[in-house]
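Geometric and topological summary
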Amino acid sequence: MKLRCSRRQMLQGMGAAGTAGLILGSGYVSLNFFSPKALYDPPNRFRIGKPEDFLNNKVTEIWKERQKVWLVHSSKGLYALVATCTHLGCTPNWFPEEEKFKCPCHGSVFNLEGDGVSGPAPEPLFRTSIVLTEKGDLIVGTGNLGIRLPDQSNREPRRSGEGFLIRV
Amino acid sequence: MTEGDNFKNKLLRSQLWRSIFRHRYPRSHREERRQSRTSFILHFHPSVIDKDRLRISQTWGLGGISFFLFLILTISGGLLMFYYRPSVEHAYHDMKDLEYVVSFGLFLRNLHRWAAHGMVVTVIAHMARVFYAGSYRPPRELNWVVGVFLLVLTFSLSFTGYLLPWDQLSYWAVTVATHMVRAAPIIGADGPFTLVRSGADLSSLLLGARTVSAPSLLRFYVLHVFLLPLATAAFIALHFWRIRKDRMIRKLM
């Protein structure tokens, strides 16, 4: 088959292709410019200390500000809760007298286990992985979020050697 | 007639197309002249002009080049603002991030810098051309004054942008310049016939402090990205409008 194409159509086609290329190319470049290349978030795995350091307090709040994590010591053991409400992502507050986490945005209340007691939160507070190294240090990993559902008292670790509860 | 031609004709006759482009391709000189009066883009040039005035050497296009550089500076500067925080803690590191981390950040920063240097050069050259051609004569004397304001605004934009990288060069350059401001008569603390004390003179007004410090960076930033560009755009609009509305200087050199 012989393709018939006038000089004008040829030039118009080339012009349209060039314009489309320019728009697509500059679109790609713009996307590339606006997507962040360096994130200044805190590291998602960090050492928090020895288990003995946390046996006096029920809730340790020193990582809440930056890493958004509470370390909780309950009758079951040590575990790390994510300080982000499962409703719409606000940061709840810990009330030691009532032993409750309360979210200021829409009034969700969680108990020491992170289970929802009242309010709109659909799920318990998430847990982060927590590992005891051979040297006896606790490592919290916020990148590997464990979601503890209400009917599962403790989920199985996702990877070998990674759990969501340290028995003490 | 092919499918493509059919679509093109439909598009050209659609209300959407005709609301954006009010004119068809001109068929006569009369139509051409009407269009150049009523079209926003075309009205930048007069509808009729002497043949001699079309020579490149008549203006060297210096005003147009200055405006083009101003557009480049506005766009590249607006994009740089996405990654620059005007605080003592962040400014220098954000500038370094633009150079080494952000995609095309180095290109944008260099574009902004060289266009800024270029604009100072072309604005001065434009002014010299207007002076030597005598284009400042009546009825264009007001436009010369507007041009002087634009020259001062260009220098001010250059000067305020100089501080923003917050490195040693910019810090000491602005320290030196604002010390020179202190020597201004009457309103400078160290100048002759001074009426103001240190901390309340023109230099402190610029810096928001006695020395170049955190308030100075913020002041220079707000001037550089908001007040001065706004004033420059307003004066450019007036400058362009006057050059089209003032009568021509009849006698060519």
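Residues numbered from 1 in each chain as written. Chains lettered and ligands numbered in written order. Predicted model: local features only at pLDDT ≥ 70, side-chain atom pairs only at ≥ 80, totals over all residues. Heavy atoms only, no water.

To continue, consider helix α7 (residues 105–133) of chain B. For α7 of chain B, which comprises 29 residues, the first-to-last C-alpha distance of 41 Å matches the rise-based estimate of 42 Å (1.5 Å per residue) to within 8%. If you check which residues of α7 of chain B are buried, you get Gly105, Leu108, His112, Ala115, Met119, Val120, Thr122, Val123, Met127, Arg129 and Val130 of chain B. On its buried side, α7 of chain B packs onto α1 (7–34) of chain A together with α4 (56–59), α5 (62–80), α6 (91–100), α8 (141–163) and α11 (214–245) of chain B. Of the residues one or two after α7 of chain B, Gly134 of chain B is the one with positive phi, at around 70°. (Helix = DSSP H or I, 4+ residues; strand = E, 2+ residues; numbered from the N terminus. Expected span 1.5 Å × (residues − 1). Buried < 20%, exposed > 50% of the residue type's maximum accessible area, 1.4 Å probe, protein only. Contact = heavy atoms within 4.5 Å.)

Bringing a positive patch on the surface into the picture now. Taken together, the side chains of Arg30, Arg33, Arg34 and Arg37 of chain B make up a positively charged region of the molecular surface. Mapped onto the elements, Arg33 of chain B comes out in helix α3 (residues 29–38). (Patch = residues over 30% accessible without salt bridge, like charges linked within 9 Å, V, L, I, M, F, W, Y side chains within 5 Å. Areas by Shrake-Rupley, 256 points an atom, 1.4 Å probe, with all protein chains shown as cover. Salt bridge = Lys/Arg side-chain N within 4 Å of Asp/Glu carboxyl O. Lys, Arg positive; Asp, Glu negative; His and termini not counted. Charge placed at Lys NZ, Arg CZ, Asp CG, Glu CD.)

With that settled, the discussion passes to the packing of aromatic side chains. Applying the stated rule across the entire model yields 16 aromatic pairs over all chains. Measuring from ring centre to ring centre gives 5.0 Å for Phe67 of chain B and Phe240 of chain B, while their planes differ by 70°; the resulting arrangement is edge-to-face. Of this pair, Phe67 of chain B sits in helix α5 while Phe240 of chain B sits in helix α11; the two residues are 173 residues apart in sequence, bridging distant segments of the chain. By relative accessible area, Phe240 of chain B is classed as partly exposed at 24%. Taking the centre distance of 5.7 Å and the plane angle of 20° together, the rings of Phe131 of chain B and Tyr136 of chain B count as stacked. Chaining the aromatic ring pairs together yields one cluster made of Phe33 and Phe34 of chain A together with Phe82 and Tyr83 of chain B. (Phe/Tyr/Trp six-rings, centres within 6.5 Å; stacked < 30°, edge-to-face > 60°.)

For the rest of this paragraph, the subject is a nonpolar patch on the surface. Residues and elements named next belong to chain B. Taken together, the side chains of Phe7, Leu11, Leu12, Leu16, Trp17, Ile20 and Phe21 define a hydrophobic patch exposed on the protein surface, amounting to about 700 Å² of accessible area. Listing elements by their share of the nonpolar patch, those giving two or more residues are α1 (3–13) and α2 (15–20). Its relative accessible area of 37% is what places Leu12 among the partly exposed residues.

On to the interface of chain B and chain A, then. Contact residues are listed per partner, giving 10 residues for chain B and 10 residues for chain A. Where chain B abuts chain A, roughly 850 Å² becomes buried across the two surfaces, and 66% of that area is made up of carbon and sulfur atoms. At the boundary of chain B and chain A, one finds zero salt bridges. Linking chain B to chain A there are four residue pairs in polar contact (both at pLDDT 80 or more). Tallied by class, the residues present in the side of chain B that touches chain A amount to seven nonpolar, one polar and two charged. (Buried area = accessible area lost by both parts, 1.4 Å probe. Polar contact = N/O pair within 3.5 Å; in protein donor to acceptor, adjacent residues only side chain to side chain. Nonpolar A, V, L, I, M, F, W, Y, C, P; charged D, E, K, R; others polar.)

Looking now at the confidence of the model for chain B. All names here are of chain B. When pLDDT is averaged across chain B, the result is 91; 96% of the residues are at 70 or more. For chain B, per-element mean pLDDT is lowest for α1, which scores 84, and highest for α5, which scores 97. ipTM for the predicted complex: 0.73, alongside a pTM of 0.80. (pLDDT = per-residue confidence, 0-100.)

Within the largest apolar cluster, 15 residues are counted, with the highest numbers of intra-cluster contacts made by Val59, Trp70, Val72, Leu81 and Phe101 of chain A. Discounting residues that sit within four places of it in the chain, Val72 of chain A has contacts with Lys58, Val59, Gly77, Leu78, Tyr79, Leu81, Phe101 and Leu112 of chain A. Grouped together as the second largest cluster of nonpolar side chains are 14 residues, Leu69, Leu73, Ala115 and Met119 of chain B included. (Core = buried A, V, L, I, M, F, W, Y, C linked by side-chain atoms within 4.5 Å.)

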